[in-house]
There are 2 protein chains.
Amino acid sequence: MTTIPSVPKHEWLRATLMDDIRGLPPHAPLPTERNLSDTYNVSRDTVRKALDWLHTSGAIYRVQGAGTFVAGMTITKTLSLSSFTRDMIDRGMEPSSKLLAMDRRAAGRVIGEQLGVAESDEVVRVTRVRLANARPICLETTHIVGALVPGLMDADLTESLYAILDTRYSLRVMRAEQIVTAVAVSEIEAALLAIPTHSAAMHVHRIGMDERDSPIESTTTIYRGDMYDLRFAVHRH
Amino acid sequence: MTTIPSVPKHEWLRATLMDDIRGLPPHAPLPTERNLSDTYNVSRDTVRKALDWLHTSGAIYRVQGAGTFVAGMTITKTLSLSSFTRDMIDRGMEPSSKLLAMDRRAAGRVIGEQLGVAESDEVVRVTRVRLANARPICLETTHIVGALVPGLMDADLTESLYAILDTRYSLRVMRAEQIVTAVAVSEIEAALLAIPTHSAAMHVHRIGMDERDSPIESTTTIYRGDMYDLRFAVHRH
DNA sequence: AAGTGGTCTAGACCACAGA
DNA sequence: CTGTGGTCTAGACCACTTT
C-alpha cells in the first residue's frame, strides 16, 4: 500500500474507493466502515469523511443498520468548479479555443460591481469560441480585474485561462456563483456557433473568487442547446 | 439556550449560525472554532460539521491561520433537492398548480427503464401547469411507479406531490439525478405557458429515488426561460 | 442479539497567518 | 511567537436493520 505524501488521508481514501466502486455493480455492498478503518489503518472518522464525499457525489448510498452500497449511478457528479478545458476532457472530448477578441477597457458599472472595482478601473476582456472535437460548443466572454493580470495580453489564450491564471499569477478560483438561464441566441451568436438565429441556448453567468472571497473574473457563456447539458446529483440535506 | 430534541447538534448549530450570519456584513469574522465549541458546549468536531455545511453552501469562507468569515454572498444556495412548492416559497413567491391530465398507463420502454420496472407495468402520469404568483412558470409531467401509490388518482394534485407521497405513502425522495438542457418550446407548450412558439426554455429531467436508491418518480419540467433561473455556488474540492 | 451506520467527544499534531 | 483552521485518532453511545 503506497500512500502519496502531502495528500490528506481521506482524500486519498476517497479516490481509492472511487476506483473500487467503478468495478462493482449497482447495489453491491461496500465493506463496513469499521472494516475499511482496519484495512487502511485509519480511524473510522477518516473513513466517514471519504464516504461522506462519495455520498454527496451520488456514488454510494447508505442505509442505517444495513450498510453502504454502490449507487445505481448513471450520474456520479456533483456540480463542481471546473474549467471548460477540464469539463470537456471529463466528457471524453478534446477541447480547443479560438480567440475572437481581447482588449483592456474600463470596467463600467455592471462589471465593476460584479468584480468589486470602480467603474473606471481597467479590466481585461477576452472573448473566445470554445470547441469540443473541433465543433463549436459555446461562446465565452471573460472579464478579469486588470490589476491582477499584468501582461496577460501577451499570453496564449488558446489554452486554459484558469491554468494561465494559476501558473502565471497564482490566482486560483476556489469558489464561484453561477446563474443559469435559457435564452434564444442573437444573429451574431448564432453565426459564431454555426446554428440558426433564435436557437435555444444555455446562458451561464459565473463570478469566480479566490480563497479569500475576492472576485477574480466574471464570465458569460452561451452554450449550444443541442450540444451541451448540465448533469448532477442532488440530495436531501 | 433551548435545544430542540431529536435533531443532531450539528444541524441545530448550523441553523443557529446561519441566522447569525444573516445579520452580519460580508467578510465579518465568525467566532473561532474553539470559541464556538465552548459557547455551545459541543466538541470542535461538531462545530466543524456545521461550518463544513455552511462552507459548501457558500455562506462562509475559511482562511487557514486567519479565521472564518462571512462570504460576500449574493447566492448562498447549493443546488439541493426541493420540490417546486418549496422552491417558489424560497424565492418569495406563492406557488399554485393547475392539473391538466392524470391517468394510469403502461410504463413503456423509456420510462420503464428509468423507473426500473417492466414496459407493461403500470405508472401514474400527472401533467400540471405550475404557477408562481398566479403566472405560469413551468409545465411538469411526472411518472410514478403505479404499485407504489394505490389510490393516488383520488388525491388533490393542486398541492405538493412530494408532500402527498410522503404523508400518504411514506415515500420520500432522498436523492435525484438531473439533466438540464436548453430547448425551444413547441406550439402546445407555448400555449400552455402563455409564451410565443419556439421561445427558449429550460428543460429539466429528474429521476427521484428513495433512501435505498429505488426510483420513485421520473419528472420532465419545461421552465419559461424568462421567468426562471438556476442559481448556485460551486467550490473547488 | 449482533452488526450496521449516525452522532459526539477530548485530545493531539500540523501548516499557516499575523503581530 | 501565538492563534487559527486542517487533519486524525480511539473510544463511546445511539438508532436502526437483519438474523
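Above: the structure in question.
Please read all numbers here as calculations on a predicted model, not as lab measurements.

**Observations regarding the interface of chain B and chain A**
Piece 1. The interface of chain B with chain A comprises 47 residues on the first partner and 47 residues on the second.
Piece 2. Both sides of the chain B and chain A interface together cover about 4,200 Å² of buried area, and 55% of this is carbon and sulfur.
Piece 3. When the buried surface of chain B facing chain A is broken down by residue, B:Arg175, B:Val234 and B:Arg236 rank first, second and third, together holding 16% of it.
Piece 4. The interface formed by chain B and chain A holds 16 residue pairs in polar contact (both at pLDDT 80 or more) in total.
Piece 5. Listed by contribution, the elements that provide at least two residues to the side of chain B that touches chain A are α3 (44-57), β1 (60-63), β6 (175-184), β7 (200-209) and β9 (230-235) of chain B.

**Topic: the side chain of A:Arg128**
Residue and element names in this part refer to chain A.
Piece 1. On the secondary structure map, Arg-128 appears in strand β4 (residues 122-132).
Piece 2. For Arg-128, a relative accessible area of 1% translates into the label buried.
Piece 3. Separated by 2.9 Å, the side chain of Arg-128 and the backbone oxygen of Leu-157 make a polar contact.
Piece 4. Within polar-contact distance, the side chain of Arg-128 engages the backbone oxygen of Glu-159 at 3.1 Å.

**What about the sheet that holds β9(B)?**
Piece 1. Ordered in space as β3(A)-β4(A)-β5(A)-β8(A)-β7(A)-β6(A)-β9(B), the seven strands form an open sheet in which the pairing is antiparallel. Unpaired on one side and paired on the other, β3 (95-106) of chain A together with β9 of chain B mark the two borders of the sheet. Adjacent strand axes in the sheet meet at a mean angle of 20° when their direction is disregarded.
Piece 2. In the sheet, strand β5 (residues 135-145) of chain A pairs with strand β8 (residues 215-224) of chain A via seven bridges, with the strands oriented antiparallel. Residue A:Leu139 lies in a different strand from β8(A), and its bridge partner there is A:Ile222.
Piece 3. Helix α6 (residues 161-169) of chain A contacts β4, β5, β7 (200-209) and β8 of chain A of the sheet and is inclined by roughly 35° relative to β5(A).

**Here's the deal with helix α1 (residues 9-22) of chain B**
All names here are of chain B.
Piece 1. When the terminal C-alpha atoms of α1 are compared, their 20 Å separation across 14 residues agrees well with the 20 Å that a helix rising 1.5 Å per residue should span.
Piece 2. For α1, the complete set of buried residues consists of Trp-12, Leu-13, Arg-14, Thr-16, Leu-17, Met-18 and Ile-21.
Piece 3. Check the buried side of α1 and you find it contacts α2 (33-39), α3, β1 and β2 (67-70).

What counts, and at which threshold
- Residues numbered from 1 in each chain as written.
- Chains lettered and ligands numbered in written order.
- Predicted model: local features only at pLDDT ≥ 70, side-chain atom pairs only at ≥ 80, totals over all residues.
- Heavy atoms only, no water.
- Contact = heavy atoms within 4.5 Å.
- Buried area = accessible area lost by both parts, 1.4 Å probe.
- Polar contact = N/O pair within 3.5 Å; in protein donor to acceptor, adjacent residues only side chain to side chain.
- Helix = DSSP H or I, 4+ residues; strand = E, 2+ residues; numbered from the N terminus.
- Buried < 20%, exposed > 50% of the residue type's maximum accessible area, 1.4 Å probe, protein only.
- Pairing = 2+ DSSP bridges.
- Axes fitted to C-alpha atoms, helices over the stretch in contact; angles between N-to-C directions.
- Expected span 1.5 Å × (residues − 1).

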